[in-house]
Amino acid sequence: MNEEQAMDRAVMLAMAARPHPNPRVGCVLLDADGTVVGEGFHEKAGEAHAERIALDSAKGPVHTAVVTLEPCTHHGRTPPCTEALIEAGVKRVAIGSVDPDDRVSGSGIKVLEEAGIEVAVVGPDIGDIDPGYAHHRRTGRPRVLLKLAATLDGQTATASGESRWITGEQARLAAHRLRAQSDAVVVGMGTVLADNPRLDVRIEGFIGPQPRPVVISGTRPMPADHSMVDPLIYAPSDGRSEVDLSDVLIDLGGRGYLNVMVEGGPTLAAAIWKAGLVDDVVVFLAGRIAGGVGKPMLAGVFGSLSEARDVHISGASLVGKDLMVKGSVI
Ligand SMILES: NC(=O)c1ccc[n+]([C@@H]2O[C@H](COP(=O)([O-])OP(=O)(O)OC[C@H]3O[C@@H](n4cnc5c(N)ncnc54)[C@H](OP(=O)(O)O)[C@@H]3O)[C@@H](O)[C@H]2O)c1
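Residues numbered from 1 in each chain as written. Predicted model: local features only at pLDDT ≥ 70, side-chain atom pairs only at ≥ 80, totals over all residues. Heavy atoms only, no water.

### Structural notes on the site of the ligand
The immediate surroundings of the ligand are formed by 26 residues, with G161, T191, R220, V243 and T267 found nearest. Within the backbone of G265, one N or O atom sits 2.8 Å away from an oxygen atom of the ligand. The contact in question runs from an oxygen atom of the ligand to an N or O atom on the backbone of L268, over 2.8 Å. Protein burial of the ligand: of its 910 Å² of free accessible surface, 88% is covered by the chains. Contributing elements (two or more residues each) for the shell around the ligand: β7 (155–157), α8 (189–195) and α10 (266–274). By residue number, the principal contributor to the shell around the ligand is α8, which donates five residues. For the shell around the ligand, the per-class residue count stands at nine nonpolar, twelve polar and five charged. (Near = heavy atom within 4 Å. Polar contact = N/O pair within 3.5 Å; in protein donor to acceptor, adjacent residues only side chain to side chain. Areas by Shrake-Rupley, 256 points an atom, 1.4 Å probe, with all protein chains shown as cover. Helix = DSSP H or I, 4+ residues; strand = E, 2+ residues; numbered from the N terminus. Nonpolar A, V, L, I, M, F, W, Y, C, P; charged D, E, K, R; others polar.)

Below, the structure written as structure tokens:
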């Protein structure tokens, strides 16, 4: 196996876990002939890093370590990976990208080079493997996905607030898959009171960690009979009428929730959109027309064309009888 193939395999291994707040990392070890002698990935924060797992599994001398992210140099809950690579007598380390975390950020490469190990940064970028981690370390905030669902004519609920269900079964399954990739799912109090959602992943056979349910509340208290497990509730303090959504995101990031999905409703969706805090969007457009004005996807007034912001549409597909449009905010 050449280094490029080994990196493809390491990326695949990295994607197998969601160890947030730590990054997804995969590692493949090659001997001098390019034979794979070990591999591993970081499964859970607090547990062994990918390089250590791979080295522990090594079936012979290691010449090259191919690892998706720069090895760490700091003592956290586990010892530094640079130390393990040096002790194992590795000759070359091929790294996907430099770790954007301030505690590493080039120091891993320096330590390895000072120990006489050849280091090459060969891609792919951590942003392609673990967008939530890369975004958090670069901006201090989690990556925010805004999920919207409406009829083809843009109505997210009836005038009286009924929205179950606007989209069909397959679109709802796709939405559960988005939850499965999220560390936290956020709604406003209006949605809690109207729908009493669970905000959990309900896919047959799903064994991954459930996202943390998060509620943004204003004046109305959380109902005692809500259906969420251990929701995190943000309410205004210091006499303010609104929660600062940027502060909420910074707090969620600090708790290790690096991929956050906002599921509405229209008031919260508009607030987070207007605050410029949305990174990605997924819009489900149901194959049906409401034929009148109920609740829009985003509340508030659209006063001037200059207020609209561009979205780079990266894909559109049919899910059952509905359309799913994916994009990232430019
Ligand atoms: N089709 C869909 O996919 C979908 C998804 C979600 C919701 N919905 C529908 O949307 C309707 C609910 O609409 P909605 O606009 O009331 O829902 P919402 O956005 O979930 O909730 C709005 C409420 O959240 C609180 N809130 C939002 N931003 C805040 C901030 N920055 N600071 C403090 N509090 C904040 C306020 O609570 P207080 O009132 O306590 O101040 C506000 O009234 C329901 O009919 C629901 O079925 C549809």
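Next, the rest of the story.
### Structural notes on the packing of aromatic side chains
Inspection of every chain in the model, using the stated rule, returns zero aromatic pairs. A cation sits over an aromatic face here: R309 above W273, 5.1 Å from the ring centre. (Phe/Tyr/Trp six-rings, centres within 6.5 Å; stacked < 30°, edge-to-face > 60°. Lys NZ or Arg CZ within 6 Å of the ring centre and 35° of its normal.)

### Brief notes about the pattern of salt bridges
The final tally for this structure, using the stated rule, is 16 salt bridges. Note that E263 is salt-bridged to R179, the shortest N-O span being 2.7 Å. Highlighted residues: E263 in the loop between β11 (259–262) and α10 and R179 in helix α7 (residues 169–180), separated in sequence by 84 residues. We classify E263 as buried; its relative accessible area is 16%. D200 is paired through a salt bridge with R198; the nearest N and O atoms lie 3.1 Å apart. Its relative accessible area of 17% is what places D200 among the buried residues. (Salt bridge = Lys/Arg side-chain N within 4 Å of Asp/Glu carboxyl O. Buried < 20%, exposed > 50% of the residue type's maximum accessible area, 1.4 Å probe, protein only.)

### Some words on the sheet that holds strand β6 (residues 143–151)
Read from one edge of the open sheet, eight strands run β10-β9-β8-β11-β6-β12-β15-β14, paired in mixed fashion. In the strand order of this sheet, the two ends are held by β10 (232–234) and β14 (311–319), each with one partner. Strand after strand, the sheet turns through a mean of 20° between neighbouring axes, direction not considered. Note: strand β12 (residues 280–286) against strand β15 (residues 322–329), six bridges, orientation antiparallel. For F284, the partnering residue across the bridge sits in β15 and is M324. α7 contacts β6, β8 (184–188), β11, β12, β14 and β15 of the sheet and is inclined by roughly 165° relative to β12. Those strands touched by helix α9 (residues 245–254) are β6, β8, β9 (212–216), β10 and β11, and its axis lies near 150° from that of β10. (Pairing = 2+ DSSP bridges. Axes fitted to C-alpha atoms, helices over the stretch in contact; angles between N-to-C directions. Contact = heavy atoms within 4.5 Å.)

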